[in-house]
Amino acid sequence: MARPLRTCRCGHTKEHELVAEEPEYTLWGWILLSMFGITPKPDHVVYRCQMCRQSVGSTRDPKVLARKSAPKRPPAPEAAAPASPPDAPASSPHPEESPRT
Ligand SMILES: [Zn+2]
């Protein structure tokens, strides 16, 4: 594993945060995906720079593939109701308040 690190035209390596792991599927994977709605295990993962879309490498590491094929967790909605301001000024009118004292 002494391969030199490839960089994109921006100079990003696959370790860079702007370089995303993009799963690539086989033809059979695409069939599963399109016909059955199953997310197949990707054939390999391509490291692609999000700035210039240039690939800086790929991997077939089973751990990476498994991570990519895992179901995405839906974004957690804010469970709590929108918090009301804790000490809102009481703006209710005071009907008992008389103008004269
Ligand atoms: Zn780039």
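As the structure is a prediction and not an experimental result, all values here were calculated from the model.

K.L.:
So what's going on with the overall build of the protein? Which residues, and what values?
P.N.:
Helices and strands together make up the secondary structure of the protein, namely two helices and three strands. Going residue by residue from the N terminus, the α and β elements of the protein occur as β-α-β-β-α. Burial statistics for the protein: of 101 residues in total, 10% are counted as buried. Look at the contacts in the protein between residues 6 or more apart in sequence, and 49% of them connect residues 24 or more apart.

K.L.:
Mind laying out the confidence of the model for the protein, listing which residues take part and the relevant values?
P.N.:
On average, residues of the protein score 83 in pLDDT, and 72% of them reach the 70 mark or higher. Ranking the elements of the protein by mean pLDDT puts helix α2 (residues 62-69) last, at 86, and strand β2 (residues 44-49) first, at 96.

K.L.:
Describe the environment of L27, with residues and values.
P.N.:
Summarising the element assignment, L27 is placed in helix α1 (residues 27-36). According to the C-beta neighbour criterion, L27 is exposed, with 8 such atoms within 10 Å. Distance from L27 to D43, taken between C-alpha atoms, is 9.5 Å for residues 16 residues apart in sequence.

K.L.:
Give a detailed account of the sheet that holds strand β3 (residues 55-59), specifying residues and quantitative values.
P.N.:
Strand order in the open sheet formed by three strands is β1-β2-β3, with antiparallel pairing between adjacent strands. Strands at the two margins of the open sheet, each flanked by one partner only, are β1 (19-24) and β3. The mean angle between the axes of side-by-side strands here comes to 25°, regardless of whether they run parallel or antiparallel.

K.L.:
Please set out the nonpolar core residue by residue, giving values where relevant.
P.N.:
Counting residues in each nonpolar core, the largest one holds five residues, listed as C8, V19, Y47, C49 and V56. Contact partners of C8, with chain neighbours within four places excluded, come to C49, C52, Q54 and V56.

About the cut-offs
Residues numbered from 1 in each chain as written. Predicted model: local features only at pLDDT ≥ 70, side-chain atom pairs only at ≥ 80, totals over all residues. Helix = DSSP H or I, 4+ residues; strand = E, 2+ residues; numbered from the N terminus. Buried ≥ 20, exposed ≤ 12 C-beta atoms within 10 Å, placed from the backbone. Contact = placed C-beta atoms within 7 Å. pLDDT = per-residue confidence, 0-100. Pairing = 2+ DSSP bridges. Axes fitted to C-alpha atoms, helices over the stretch in contact; angles between N-to-C directions. Core = buried A, V, L, I, M, F, W, Y, C linked by C-beta atoms within 7 Å.

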